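# Inside the fold
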Amino acid sequence: MLKRQKTFFTNCSKLYIVGVPIGNFDDISIRAIQTLQMVDLIYCEDTRVTQKLLNYLHISKPLKSYHTFNENELTNMLIEQIKMGKNIAIVSDAGMPIISDPGFVAVRQAIQDEIDVVVIPGPSAFVTALVGSGISSNRIVFTGFLNSNDNKRKKELENLKDIEETLILYESPHRIKETLEMLKELMPNRYMCLARELTKQYEEYLHGTPAEILNLIDEIKGEIVLIIEGATRKEINEELNSGSIEDHMKYYLTKGLDEKNAMKMVAKDREVSKSQIYQYLKKK
Ligand code: SAM
């Protein structure tokens, strides 16, 4: 059933999703401060981290620990508190809630229960990195963190290798070396940007190929976002054309093309006739 929310036309209590800085407290917005001053209760990840921000802002509010592991459990309580007339804010340790952070379950539930959800926009590490990367933002794929298991992460990167959109990843400093090694193997000539410690004292952008960035691996510490230029059609074609016709066909079949159209595409990429591809596959 359609649900319609007109945020500024109701006086009822609401759920506020408040963006907070990603490392520099001075990036907090005036509206975020006003909201944190106004709400009755703040649900946050690590109460010590949020308390530091509140101390900086001279705000005193009750905090409730709300993280990935108790999100499902505590959401009903949060929703009940709003229904009883309390205004509640959700904040993350850094950046926008829900972006690789908790909050999604509460927003879904609030919409379902016709509770107003008000987002107070703030910084997000991936948007900041993308803007500074010099890489196209026209079409993007944001994956957040990939799997922490090396083999699974490699598989995920293999699946993402051919996408033409700009790829955005969050990565931990403990795994960045292995991830860059994988990228060096899978997309050696791809231009990328490693952005680290954004808005903080050691903020740095490294622009180059995976191998060039790997040369500085010992200096790459802190919080990291990787922005990877999308694959070009030329690059994809070169790789497909250098492989077998069967793999080439499989590529298009897994993209959802039927056999006839896949053959047509393979023939086009290889600059041969469709019947040549057909004859080759028939002999197999
Ligand atoms: N909610 C956050 C946001 O809106 O960006 C993201 C939270 S996620 C749990 C934490 C990851 O975000 C870090 O491991 C890092 O990849 C990225 N990140 C957060 N702050 C950053 C910063 N100041 N510089 C670079 N990356 C950052």
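Residues numbered from 1 in each chain as written. Predicted model: local features only at pLDDT ≥ 70, side-chain atom pairs only at ≥ 80, totals over all residues. Heavy atoms only, no water.

### Topic: the packing of aromatic side chains
Summed over the entire model, instances satisfying the criterion amount to six aromatic pairs. Judged by centre distance (4.3 Å) and plane angle (20°), the rings of Phe-126 and Phe-142 are stacked. Remark: Phe-142 occurs in strand 6 (residues 140-145) and Phe-126 occurs in helix 5 (residues 125-133); sequence separation between them is 16 residues. For the ring pair Tyr-251 and Tyr-252, a centre distance of 5.0 Å and an interplane angle of 80° mean the geometry is edge-to-face. When sorted by exposure, Tyr-251 lands in the same class as Tyr-252, which is buried. Within the aromatic cluster, the residues linked to one another by ring pairs are Phe-126, Phe-142, Phe-145 and Tyr-170. In this arrangement the basic side chain of Lys-6 is found over the ring face of Phe-9, its NZ or CZ atom lying 5.7 Å from the centre. (Phe/Tyr/Trp six-rings, centres within 6.5 Å; stacked < 30°, edge-to-face > 60°. Helix = DSSP H or I, 4+ residues; strand = E, 2+ residues; numbered from the N terminus. Buried < 20%, exposed > 50% of the residue type's maximum accessible area, 1.4 Å probe, protein only. Lys NZ or Arg CZ within 6 Å of the ring centre and 35° of its normal.)

### Some thoughts on the packing of helix 10 (residues 245-254) against helix 11 (residues 259-270)
The geometry of a pair of packed helices is captured by two quantities: the angle between their axes and the separation between those axes. The geometry of helix 10 relative to helix 11 is characterised by a closest axis approach of 9 Å and an angle of 125° between their N-to-C directions. One finds that helix 10 runs oblique with respect to helix 11. Pair helix 10 / helix 11 crosses with right-handed handedness. Contacts from Ile-245, His-248, Met-249, Tyr-252 and Leu-253 in helix 10 reach Glu-259, Ala-262, Met-263, Met-265, Val-266, Asp-269 and Arg-270 in helix 11. Looking at the contact of helix 10 with helix 11 residue by residue, the class counts come to eight nonpolar, one polar and three charged. (Axes fitted to C-alpha atoms, helices over the stretch in contact; angles between N-to-C directions. Parallel < 35°, antiparallel > 145°, perpendicular 65-115°, else oblique. Left-handed = near helix turned anticlockwise from the far one by under 90°. Contact = heavy atoms within 4.5 Å. Nonpolar A, V, L, I, M, F, W, Y, C, P; charged D, E, K, R; others polar.)

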